[in-house]
Amino acid sequence: SGAHLLSVVNDILDQSKIESGRYELSVSTFSIADIADATIAMLQPIAEKGQVSIRNDIGADVPEISADRRACQQILINLLSNAVKFSPEGGDVCVSAKTLGRNVKIEVRDNGIGIDPAFMATICEPFAQADNGSDRQYEGSGLGLSVVTGLVELHHGELNIESTPGRGTVVTITLPTRASTSNPVPNDNTSQLVHLRPDSIQINHSELVNSSVSKGDNRARVSA
């Protein structure tokens, strides 16, 4: 119960920081295979309890990427824990990756219960639950995929979900191999939040002190 409560609180905190623009990326270079191994080791006891096989199929040919290591590991934790949770006994969960030009494509595949098509449209919304009854079978805050979506957007990446009820789900994350840093949106009286249009924007201030782009290239921080 304590571990479940801690997981819910952490999901809420991450979601709150993402939605308020305060989640700052700390970019470093690391191996996707390494964080996949660490995530699998973390989830192995849960997988063994449910008699689910969980494996890392990321080859040595996948190069290191520059991104926020903690955020990428959180993405894998949320995706793999969902895959294990919704897999039956004897289920198989696999994470793989490959490079596509300047991007890396990470895939988490399972042969679990799948997702009802009617639920696909809202599955990435905060607190979305396929089963909202008080006696629902699967635990969770309903924030896992919402947090994943936010972290992927902060990296200017893409999320894709394909699922067939009764046959399984494939979640694909595409991230740039070289992410730019992201600074939090300020919360003080000396800064101003502006929206950038695709066309050129002229700023009449004599000096642009600081700027940073986050979430979809349309939010920036500039000095007032």
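Residues numbered from 1 in each chain as written. Predicted model: local features only at pLDDT ≥ 70, side-chain atom pairs only at ≥ 80, totals over all residues. Heavy atoms only, no water.

Peer 1: Just checking my understanding: could you explain the side chain of aspartate 68 for this structure?
Peer 2: Within the secondary structure, aspartate 68 is located in strand 3 (residues 65-68). Notably, aspartate 68 is buried but unbridged: the nearest opposite-charge side chain belongs to arginine 70, and the N-O separation is 6.0 Å. Separated by 3.1 Å, the side chain of aspartate 68 and the backbone nitrogen of arginine 70 make a polar contact. With residues up to four places along the chain from it excluded, the contact list for aspartate 68 reads Tyr23, Glu24, Leu25, Ser26, Val27, Phe30 and His155. (Helix = DSSP H or I, 4+ residues; strand = E, 2+ residues; numbered from the N terminus. Buried < 20%, exposed > 50% of the residue type's maximum accessible area, 1.4 Å probe, protein only. Lys, Arg positive; Asp, Glu negative; His and termini not counted. Salt bridge = Lys/Arg side-chain N within 4 Å of Asp/Glu carboxyl O. Polar contact = N/O pair within 3.5 Å; in protein donor to acceptor, adjacent residues only side chain to side chain. Contact = heavy atoms within 4.5 Å.)

Peer 1: When you look at the environment of leucine 76 in this model, what are you seeing that I'm missing?
Peer 2: Considering the arrangement of structural elements, one finds leucine 76 in helix 3 (residues 69-85). Setting aside residues up to four positions removed in sequence, leucine 76 forms contacts with Ile35, Ala36, Thr39, Ser81, Val95, Ile106 and Val108.

Peer 1: Sorry if this is basic, but what is going on with the sheet that holds strand 6 (residues 158-164) here?
Peer 2: As a general point, the strands of a sheet are linked pairwise by backbone hydrogen bonds and lie either parallel or antiparallel. Strands sit in the order 2-4-5-7-6 across an open sheet of five strands; the sheet is mixed. Edge strands, defined here as strands with exactly one partner in the open sheet, are strand 2 (53-56) and strand 6. Strand-to-strand twist across the sheet, computed as the mean angle between neighbouring axes with direction ignored, equals 15 degrees. (Pairing = 2+ DSSP bridges. Axes fitted to C-alpha atoms, helices over the stretch in contact; angles between N-to-C directions.)

Peer 1: I keep staring at unusual backbone geometry and nothing clicks. Help me out?
Peer 2: Note on backbone geometry: most residues besides glycine have negative phi, and most peptide bonds are trans. A positive phi angle is found at glutamine 51, which is not glycine, with a value near 55 degrees. As for its placement among the helices and strands, glutamine 51 is situated in the loop between helix 2 (32-49) and strand 2. Not every positive phi belongs to a glycine, and histidine 156 is a case in point at roughly 60 degrees. One can find histidine 156 in the loop between helix 5 (144-154) and strand 6.

Peer 1: Would you mind going over the pattern of salt bridges with me for this structure?
Peer 2: It is possible for side chains of opposite charge to pair when their charged atoms get near one another. Applying the stated criterion across every chain yields a total of three salt bridges. For arginine 55, the salt bridge identified is with aspartate 57, shortest N-O distance 2.5 Å. The closest approach of N and O atoms between aspartate 92 and arginine 55, which form a salt bridge, is 2.9 Å. Residue aspartate 92 is located in strand 4 (residues 92-100), and its partner arginine 55 is located in strand 2; the two are separated by 37 residues in the primary sequence. Taking the relative accessible area as the measure of exposure, aspartate 92 reaches 24% and is therefore partly exposed. By sharing partners, the salt bridges in this structure join Arg55, Asp57 and Asp92 into a single network.

Peer 1: Would you take a moment to explain helix 2 for this structure?
Peer 2: Because an α-helix completes one turn every 3.6 residues, residues spaced three or four positions apart along the sequence face the same direction. Its 18 residues give helix 2 an end-to-end C-alpha distance of 26 Å, which sits within 8% of 26 Å, the value for a rise of 1.5 Å per residue. Its axis deflected by about 50 degrees at leucine 43, helix 2 carries its strongest bend there, up to four residues before the proline proline 45. Taken together, the buried positions of helix 2 are occupied by Ile32, Ala33, Ile35, Ala36, Thr39, Ile40, Leu43 and Ala47. Buried residues along helix 2 sit against strand 1 (27-30), strand 2, strand 3, helix 3, strand 4 and strand 5 (103-110). For helix 2, the N-terminal capping position is held by serine 31, with its side-chain oxygen 3.2 Å away from the main-chain nitrogen of alanine 33. Phi turns positive one or two residues past the end of helix 2, at glutamine 51, with a value near 55 degrees. (Expected span 1.5 Å × (residues − 1). Bend = angle between axes of the 7 residues up to and from the residue.)

Peer 1: For this particular structure, what's the right way to read the nonpolar core?
Peer 2: Taken as a class, soluble globular proteins show a tendency for nonpolar side chains to be buried jointly. Core analysis: the biggest nonpolar cluster contains 45 residues, and Leu80, Val95, Ile106 and Ile173 have the highest contact counts within it. Elements represented by at least two residues in this core include exactly helix 2, strand 3, helix 3, strand 4, strand 5, helix 5 and strand 7 (168-176). In terms of residues, this core owes the most to one element, helix 3, which gives eight residues. Dropping the residues within four chain positions of it, leucine 80 is found in contact with Thr39, Ile40, Leu43, Ile54, Val93, Val95 and Val108. (Core = buried A, V, L, I, M, F, W, Y, C linked by side-chain atoms within 4.5 Å.)

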